[in-house]
Amino acid sequence: MVDAIEHAIKTAIPDAIAIVKDPYNDGQHFQAYVISPSFEGQSLVKQHQRVMNPLKEAFQSAVHALGLKTFTPEKWEENKHLYGY
Amino acid sequence: MLNLESAKQTIANDIKTHKIVLYMKGNKDFPQCGFSGQVVSILKHLGADFETRDILADEALRAAIKEFSDWPTLPQLYINGEFIGGCDIVTELYQNGELQKLLA
């Protein structure tokens, strides 16, 4: 499932780096970090919509339990230590 | 039969008339969901003067706001007629200081 979500994100946003985790190992609650230079200048809402809308079509039920954070490469470098990277 | 189009028109007018509108579950004194309550707490903490709309009390509004914003969950915060985000985004913007700028 983790691989399928990563694949769907990269299909929707080809230049993205997508890190998807299953933190409770339950196959239901996922956490995704998506980093893309194309997020530059876009509101967080727009960034989330660009990730979530394609996922909504692909994974009707799983998406409800996906925590999402989006970053431009610059923001990711600034903040990745907060997430253990 | 829900009247989605008229509910969307109501939203469009509402966010034009009021600087800050929070679509939420419950109201600012009695939030009915932890995420709605968190956004209320942030706005109160910043001393914002905001309107709330209770989507639990209006099924048409609840359906309309999700389509209007192209966003599947509540709460939803509008500032100056623009959709800012739900609980996660509002919290992030509060923590990095950008929400304060939007409210100024």
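First things first, this report covers the structure right here in the doc. For clarity, every value in this text was computed on a predicted model and none was experimentally measured.

### Description of the overall build of chain B
Reasoning step 1: Regarding its fold elements, chain B presents five helices and four strands.
Reasoning step 2: Start at the N end of chain B and walk to the C end: the helices and strands fall as α-β-α-β-α-β-β-α-α.
Reasoning step 3: Viewed in the frame of its principal axes, chain B has a C-alpha envelope of about 40 × 25 × 20 Å.
Reasoning step 4: Counting over 104 residues, chain B shows a buried share of 36%.
Reasoning step 5: Counting contacts in chain B only where the partners sit at least 6 residues apart, residues at least 24 apart contribute 62% of the total.

### A closer look at unusual backbone geometry
Reasoning step 1: The peptide bond linking Leu74(B) to Pro75(B) adopts the cis configuration, its omega dihedral lying at 5°.
Reasoning step 2: With respect to the element layout, Pro75(B) can be found in the loop between helix H3 (59–69) and strand E3 (76–79).

### Details of helix H2 (residues 34–45) of chain B
Residues and elements named next belong to chain B.
Reasoning step 1: The first and last C-alpha atoms of H2 sit 16 Å apart over twelve residues, in line with the 16 Å expected at 1.5 Å per residue.
Reasoning step 2: Every buried residue of H2 is accounted for by Ser 36, Val 39, Val 40 and Leu 43. Take H2 and look down its axis: the buried residues cluster within an arc of 100°, on one side only. What points out from H2, more than 90 degrees from its buried face, is the exposed set Gly 34 and His 45.
Reasoning step 3: In the core, the buried residues of H2 are packed alongside strand E1 (20–24), E3 and helix H4 (87–95).
Reasoning step 4: In the segment just after H2, Gly 47 is the residue with positive phi, at about 70°.

### Focus on the interface of chain A and chain B
Reasoning step 1: The interface of chain A with chain B comprises four residues on the first partner and six residues on the second.
Reasoning step 2: Taken together, the residues of the side of chain A that touches chain B sort by class into two nonpolar, two polar and no charged.

### A closer look at the pairing of strand E4 (residues 82–85) of chain B
Successive side chains on a regular strand alternate, one facing one side of the sheet and the next facing the other.
Residue and element names in this part refer to chain B.
Reasoning step 1: The sheet contact formed by E3 and E4 spans three bridges and is antiparallel. Counted as the bridge partner of Tyr 78 is Phe 83 from E4.
Reasoning step 2: The turn joining E3 and E4, which pair antiparallel and follow one another in sequence, is formed by two residues; a positive phi near 50° is taken by Asn 80.

What counts, and at which threshold
Residues numbered from 1 in each chain as written. Chains lettered and ligands numbered in written order. Predicted model: local features only at pLDDT ≥ 70, side-chain atom pairs only at ≥ 80, totals over all residues. Helix = DSSP H or I, 4+ residues; strand = E, 2+ residues; numbered from the N terminus. Buried ≥ 20, exposed ≤ 12 C-beta atoms within 10 Å, placed from the backbone. Contact = placed C-beta atoms within 7 Å. Expected span 1.5 Å × (residues − 1). Arc of directions from axis to C-beta. Nonpolar A, V, L, I, M, F, W, Y, C, P; charged D, E, K, R; others polar. Pairing = 2+ DSSP bridges.

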